[in-house]
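Structural description and commentary
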Amino acid sequence: MTSHGIYRPTILTAVMLTILVTALSCFGRRDAQVRQVLAAADSLMTAQPQAALDTLMSIDSSDAAKLPRADRAFYTLLRTEAEYKCWLPVAGNTAITEAADYYRRKGPEDRLARALVMHGAVLSERGDAEDAMFAYKEAEPLLERSGDLEQLGLLHTRIGDLYGYHIADDSSAIYRYNKALECFKKAELNERVIFTHLSLASVLIDYSEEPALHHADTALLLAKMSDNRLGGINAHMLRMHSYYCSGNYRDAISDAGQIFAEYGEEPQNINESSSYASIYGYLSESYAAQGLLDSAAISLKRINATTAVDTLTVLSALAELAEKSGDSITAYRYRLQRDSIYIGILDSEYNANLLEVERKYDNDSLRNELSRKRWTTIAVVSLLLLLVTTLTIIIMQIKHKLEIQNVRILSLVSTAQGLKDELQSAIATRDRNENDLKHLSLEIQKQTDANKELMSLNGDLLAVTKDISDLYYIYGDTASKGWLETKIRDTLAERLTSMKTSVRIDRMLESVYPGFMSMLCSKYTWLSQDERELISLMCCGFTTNAVSIIMNLDIKKLNDKKTRLARKMGISIRLSTYLRQELSDFKKVVDKSSHTTDTQ
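Everything in this summary refers to the structure shown in the same document. In this text, all values refer to a predicted model and were calculated from it rather than measured experimentally.

Parameters at a glance
Residues numbered from 1 in each chain as written. Predicted model: local features only at pLDDT ≥ 70, side-chain atom pairs only at ≥ 80, totals over all residues. Heavy atoms only, no water. Helix = DSSP H or I, 4+ residues; strand = E, 2+ residues; numbered from the N terminus. Buried < 20%, exposed > 50% of the residue type's maximum accessible area, 1.4 Å probe, protein only. Contact = heavy atoms within 4.5 Å. Areas by Shrake-Rupley, 256 points an atom, 1.4 Å probe, with all protein chains shown as cover. Axes fitted to C-alpha atoms, helices over the stretch in contact; angles between N-to-C directions. Parallel < 35°, antiparallel > 145°, perpendicular 65-115°, else oblique. Left-handed = near helix turned anticlockwise from the far one by under 90°. Expected span 1.5 Å × (residues − 1). Nonpolar A, V, L, I, M, F, W, Y, C, P; charged D, E, K, R; others polar. Core = buried A, V, L, I, M, F, W, Y, C linked by side-chain atoms within 4.5 Å. Polar contact = N/O pair within 3.5 Å; in protein donor to acceptor, adjacent residues only side chain to side chain.

1. A short note on the overall build of the chain
- When its secondary structure is counted, the chain shows 24 helices and zero strands.
- Across the 600 residues of the chain, 34% fall into the buried class.
- Long-range contacts, defined as pairs at least 24 residues apart, comprise 58% of the intrachain contacts of the chain with a sequence gap of at least 6.
- In the structure as shown, the chain presents an accessible area of about 36,100 Å², 57% of it carried by carbon and sulfur atoms.

Structural data, given as structure tokens:
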């Protein structure tokens, strides 16, 4: 019956493992194919973003959602990059946040940097400048370490755009555009250099005409050298804007003629439409400022208003023409239309921000729901693992019972051996305690002898103090100061000599630290009697005042003597500190030697 109990779970486990291996092999083949598609899309991303997007579109969205977390994060990163580089809107992309979180935890750094840049682009497109700036600045040190100059330059450009168009910090925007310019020049990316010069010109143009024109002219020259049509058109447009703002209407009209002669009078694609609308707008207003109202009207009709901004340009120019023609009512009507559209733009931006807040709330709710489902899945898997673990434990317990008798016998033998070892250890501990007690008794005896000597010396010193006090009391008011000082000095010299102070201090030091002074004298053979006496007093713990009295020196001379002695001994710390260290080291050596002797 027991054997059947063991055999049945083993078959169940084998069946479960077979099913699991089969499923994993199917998933493994599918995942390998997806990884090949992701690798192909990644290789196309820089040069052919549209081809990369087409490659990624071959992966079904339902299959992408079932990918392992690493592959799913990479798919999200590549899809966002491809859509962004193909000028598709990415503001609704919420998965890039999860991809950035994954790479932040798991790495590698290069993919984390790319994910953070895309996360910032998505946030910027939503109008969330603050969070976008945070994402960009987190990516900045990663790109600096990677050495990818193009990506680092693009990052500086995006940060500059945030400062220039959202935060209104032109000085920071200029700094970032210049950093981007350095990166693109080092990487020899001519097209990036052109458009960075244009970005600098667009920031500087409203308040610093000369630097703005310098960047616009540089971009124009580079655009002509590399046959970059869009860069050249935008450079001319910025030049016209500068001329118009500074009142150089003739130069603005002349620049428009150069644009039409070189690039034609009509835009060739949607990217050029906005630039041409601005060019015709500046041209019309320049004609109007010169009084050429017919030419201004003709130029105005050439504007193909495809955006709300273009419509604002047209209405502003129409209002200016009507005002120049003396038709104030029509001018007022155009301005009302312009203001209405402008208010509508502001309302749409407000609604977009409100929608973004609602989207964030929905995303948080969805994230919480996904988290709940994830934890449910984890709980189910954990329950299955617990079931398998329980079956394994039961099998191991049955096997354990068959071996328990042998284990008990081995345990008894081990216990007996342990008791024997503990007994031997207790005997050794007792011997050590006896030796420690003997050592402690010797230490107490030495300390007692030293204390007796110290008490005797203190008594004698008190007697000396009394004699000096009596001298001062008797002669203090009548004798001269010099005579009294001489009398006190002679009394000290006589009494301290008769007390044999230095001999008693040496004896006291020897009783506490036997052999220390001999050791120190062998180390410094040149020590004089006064220097030995000073060392002995300091080792015995006498205060500076007590030492000055015993050695018949004032405090300053005593301190000078200590300093000179320390210098002679070649030590860089205070003499008192050095002596404390030497006493401590000496005591350790003596204690260790005494302990070794007692043990033997």
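So much for the structure itself; the text now carries on.
2. Here's the deal with the packing of helix α13 (residues 249-263) against helix α14 (residues 270-289)
- Remark: α13 packs on α14, axes separated minimally by 9 Å, with the N-to-C direction vectors making an angle of 140°. With respect to α14, the axis of α13 lies oblique. In the packing of α13 onto α14, the handedness of the crossing is left-handed. Along its contact with α13, which presents Tyr249, Ala252, Ile253, Ala256, Ile259, Phe260 and Tyr263, the element α14 presents Tyr276, Ile279, Tyr280, Leu283, Ser286, Tyr287 and Ala289.

3. A look at helix α6 (residues 109-126)
- Helix length check: α6 (18 residues) gives 26 Å between terminal C-alpha atoms against 26 Å at 1.5 Å per residue, within 8%.
- For α6, the buried fraction is high: 13 of the 18 residues fall into the buried class.
- Immediately downstream of α6, the backbone of Gly127 shows phi near 95°, a positive value.

4. A closer look at the environment of Arg69
- Within the element layout of this structure, Arg69 appears in helix α4 (residues 69-85).
- Through-space distance from the C-alpha of Arg69 to that of Glu98 is 9.8 Å; in sequence the pair is 29 residues apart.
- If near-sequence neighbours (up to four positions away) are discounted, Arg69 is found in contact with Tyr102 and Arg105.

5. Concerning the packing of helix α11 (residues 209-226) against helix α12 (residues 229-246)
- Between α11 and α12, the shortest axis-to-axis distance is 8 Å and the interhelical angle comes to 155°. One finds that α11 runs roughly antiparallel with respect to α12. As for how α11 packs across α12, the hand of that crossing is left-handed. Residues Glu209, Leu213, Ala216, Asp217, Ala219, Leu220 and Ala223 of α11 touch α12, and the partners they reach there are Gly231, Gly232, Ala235, His236, Leu238, Arg239, Ser242, Tyr243 and Ser246.
- When its residues are assigned to classes, the contact of α11 with α12 shows eight nonpolar, five polar and three charged.

6. Observations concerning the nonpolar core
- Ranked by size, the top nonpolar core spans 89 residues in total, and within it Leu38, Tyr103, Leu155 and Phe260 carry the most contacts.
- Per-element tally for this core: the top contributor is α6, with nine residues.
- For Phe260, the contacting residues outside a window of four places in its chain are Glu265, Tyr276, Ile279, Tyr280 and Leu283.
- Met517, Ile535, Met551 and Leu579 belong to the second-largest nonpolar core, a separate cluster that totals 28 residues.

7. What about α12?
- Spanning 18 residues, α12 covers 26 Å between terminal C-alpha atoms, matching the ideal 26 Å at 1.5 Å per step.
- By the N-cap criterion, in which a side-chain oxygen at the helix start approaches the backbone nitrogen of a residue two or three places on, α12 is capped by Asn228, the distance to Gly231 being 2.9 Å.
- Directly beyond the C-terminal end of α12, a positive phi value near 85° is found at Gly247.

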